[in-house]
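Each chain, written out:
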Amino acid sequence: MILNLQDKFNKELPADPNRNNINRQVTESCYSYVTPTNTSSPVLLHTSTEMLNEIGLSVEDAKGSSFLNVFTGNEILPDTNPYAMCYGGHQFGNWAGQLGDGRAINLCEIEHNNKNWALQLKGAGRTPYSRSADGLAVLRSSIREYLCSEAMYHLGVPTTRALSLALTGNEVLRDVMYNGNPAYEKGAIVCRSAESFLRFGSFQIFAARQDKKTLKILVDYTIKNHFSHLGEPSKDTYINFFKEVAQRSLEMVIHWQRIGFVHGVMNTDNLSILGLTIDYGPYGWLEGYDHGWTPNTTDRGQKRYRYGSQPEMVHWNLFQLANALYPIIEDAAPLESILKTFATQFRSKYLTMMKSKLGLFEENEGDSKLVHDLESILQETETDMTIFFRSLSGVTKDDKEKGLNKISNAFYEASDVQNTLKSKWEKWFMEYHNRLKQESFTDTQRQTKMNAFNPKYVLRNYMAQLVIDEADKGNYELIEEIYQLLKKPYEEQVEKEKWFAKRPEWARHKVGCSMLSCSS
Ligand code: AMP
Ligand code: MG
């Protein structure tokens with residue numbers, strides 16, 4: 001196993017002088033050196049071929065014992081110094097102080113094909129940031145992160161990636177629904193990868209501690225290594241840095257809205273400074289199109305992170321990042337202006353995105369209303385988001401009467417589309433048909449564009465749960481099946497049509513399908 005190792009993060013940034021895994025407050029340092037905990041009998045369950053290639057490894061390399069040992073924390077690559085990062089965060093709107101990598105351990109950085117990758121084990125044991133928790137991860141949450149992050153990549157969404165999924169051989173105690181029913185589960189480790197794992201909270205922690213010196217070192221490092229096109233550090237560069245983070249975060253959340261992804265825990269420690277989707281916890285995919293839906297039962301009361309609020313929550317988080325960067329900029333006006341622009345840009349980009357979902361590419365005054373009317377009626381009728389938009393591409397300019405038939409498979413209850421709702425739907429389809437006629441693309445051209453934009457296959461909540469249930473029984477074949485399916489989310493894959501289906505009734509209220517907690 002030959003890897004082109006880099007060592008930028010821990011060469012250029014200040015380290016915690018103490019080297020142990022004991023829980024503590026770490027100041028004036030961006031990370032602490034730690035040793036992954038040994039695992040008793042690790043078993044590799046899956047590797048991502050694409051990610052192996054990205055870092056210069058082959059499928060054969062991944063079969064060696066060295067790969068297994070390194071990516072389950074039992075062997076440290078020569079000349080590397082694993083570390084856990086220090087960060088803080090606002091959790092559900094409240095400042096929570098120091099959080100940090102409580103169970104993530106960065107192994108090393110790798111350069112390959114002019115790209116840099118940080119590799120990180122999730123679930124490899126306690127670090128100084130573990131607080132009262134065990135530093136471990138269970139199989140169910142590891143499968144969810146592993147499959148979903150790769151699926152998001154293939155959907156074209158900026159995301160952290162996953163390299164490998166392994167069982168540790170150890171048991172982990174978890175109270176899944178936080179209701180006093182702890183049970184042992186299989187422990188697992190995902191090795192995930194990204195250009196960087198820095199989060200908004202990585203910057204906030206130094207601002208909160210009024211440690212302007214370390215804040216500036218970290219911002220300069222981030223610009224030099226990840227935003228070098230912005231130029232040498234200066235007040236203007238810092239402002240442009242914030243502007244680009246805002247831009248990237250906006251792009252990311254528009255993608256989430258496009259595909260119906262609900263992150264579930266958009267705390268500032270879970271927002272990547274590179275605009276990547278990060279920290280796959282109690283996320284979920286919209287089945288019935290519903291702006292008020294959140295998969296996270298921990299957030300059921302407030303629903304702070306529900307689907308329809310995600311863009312606003314990104315904005316809120318950016319506001320916190322602006323506060324954190326303020327000490328090195330000392331000028332609020334440009335930051336405020338960027339935050340204001342975010343809101344207006346969001347409205348226009350969201351409309352363009354929704355229009356593309358509908359196959360509308362020309363300008364028309366009434367488009368905003370057409371989209372809005374659709375959003376309302378989609379919520380009045382329990383309608384499967386993925387099936388609805390995918391099927392919509394089958395509507396042609398001249399089948400005025402049949403539009404509704406083409407998408408009827410997306411309704412959860414056929415009776416929902418009777419009477420009043422039926423006439424509402426017919427009215428909407430009438431307007432849609434009239435609007436389609438103004439498009440210069442042919443039906444076939446429009447269909448191709450729509451099908452490259454509206455996925456056919458996503459990691460439905462019940463699908464992830466089926467994979468987990470099988471894996472718990474020791475059958476890992478479904479991991480590979482779903483992994484392969486989600487590599488081509490926009491292709492028809494006729495032989496895999498069974499996954500283009502509404503959520504089955506058994507999954508409606510099942511834990512793991514519609515109800516997830518932060519327990520992982
Ligand atoms: P999350 O909301 O899952 O992103 O986690 C919030 C914080 O809790 C982060 O600092 C995590 O590293 C930490 N954390 C979550 N689960 C564990 C665990 N099992 N052991 C140690 N730290 C954890
Ligand atoms: Mg997190």
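Residues numbered from 1 in each chain as written. Chains lettered and ligands numbered in written order. Predicted model: local features only at pLDDT ≥ 70, side-chain atom pairs only at ≥ 80, totals over all residues. Heavy atoms only, no water.

*Asks:* For this particular structure, what's the right way to read the coordination of the magnesium ion (ligand 2)?
*Replies:* As a benchmark, a tetrahedral metal site with four donors has ideal angles of 109.5 degrees, while an octahedral site with six donors has ideal angles of 90 or 180 degrees. Distances from the magnesium ion (ligand 2) to its protein donors, N270 (OD1) and D279 (OD), fall at 1.9 to 2.2 Å. The pair formed by N270 and D279 is uniform in burial state, with each residue classed as buried. (Donors = N, O, S within 2.8 Å, 3.2 Å for Na, K, Ca; no water. Buried < 20%, exposed > 50% of the residue type's maximum accessible area, 1.4 Å probe, protein only.)

*Asks:* Is there a simple way to think about the domain arrangement of the chain in this case?
*Replies:* Quite often, the size of an interface is put as the accessible area lost when its parts meet. By the assigned domains, the chain splits into domain 1 (5–200), domain 2 (212–356) and domain 3 (360–451). For domain 2 and domain 3, the distance between their C-alpha centroids amounts to 31 Å. Taken residue by residue, the interface counts 17 residues in domain 2 and 19 residues in domain 3. Together domain 2 and domain 3 conceal approximately 1,300 Å² of surface at their shared face, both sides included; 60% is due to carbon and sulfur atoms. Among the residues domain 2 hides against domain 3, the three largest losses belong to Y289, M354 and K355. Together they make up 50% of the total. The tally of links from domain 2 across to domain 3 stands at one salt bridge. Here D367 and K355 are joined by a salt bridge, their closest N and O atoms 2.9 Å apart. Put simply, domain 2 and domain 3 have eight residue pairs in polar contact (both at pLDDT 80 or more) between them. (Domains from an automatic or database assignment. Contact = heavy atoms within 4.5 Å. Buried area = accessible area lost by both parts, 1.4 Å probe. Salt bridge = Lys/Arg side-chain N within 4 Å of Asp/Glu carboxyl O. Polar contact = N/O pair within 3.5 Å; in protein donor to acceptor, adjacent residues only side chain to side chain.)

*Asks:* Help me understand the environment of Q310, please; the structure alone is not making it clear to me.
*Replies:* Assignment of secondary structure puts Q310 in helix α9 (residues 310–329). When the C-alpha atoms of Q310 and V253 are compared, they prove to be 6.9 Å apart, with 57 residues separating the residues in sequence. Here H263 takes part through its backbone nitrogen, which lies 2.9 Å from a polar atom of the side chain of Q310. (Helix = DSSP H or I, 4+ residues; strand = E, 2+ residues; numbered from the N terminus.)

*Asks:* Help me out: how do you make sense of unusual backbone geometry in this one?
*Replies:* Leaving glycine aside, a negative phi is the common case for residues, and trans is the common case for peptide bonds. Located in the positive-phi region is Q210, a residue other than glycine, with phi close to 55°. Residue placement: Q210 occurs in the loop between α6 (200–208) and α7 (212–226). Unlike most non-glycine residues, K303 shows phi in positive territory, near 50°. Looking at where K303 falls in the secondary structure, it is placed in the loop between β12 (284–285) and α9.

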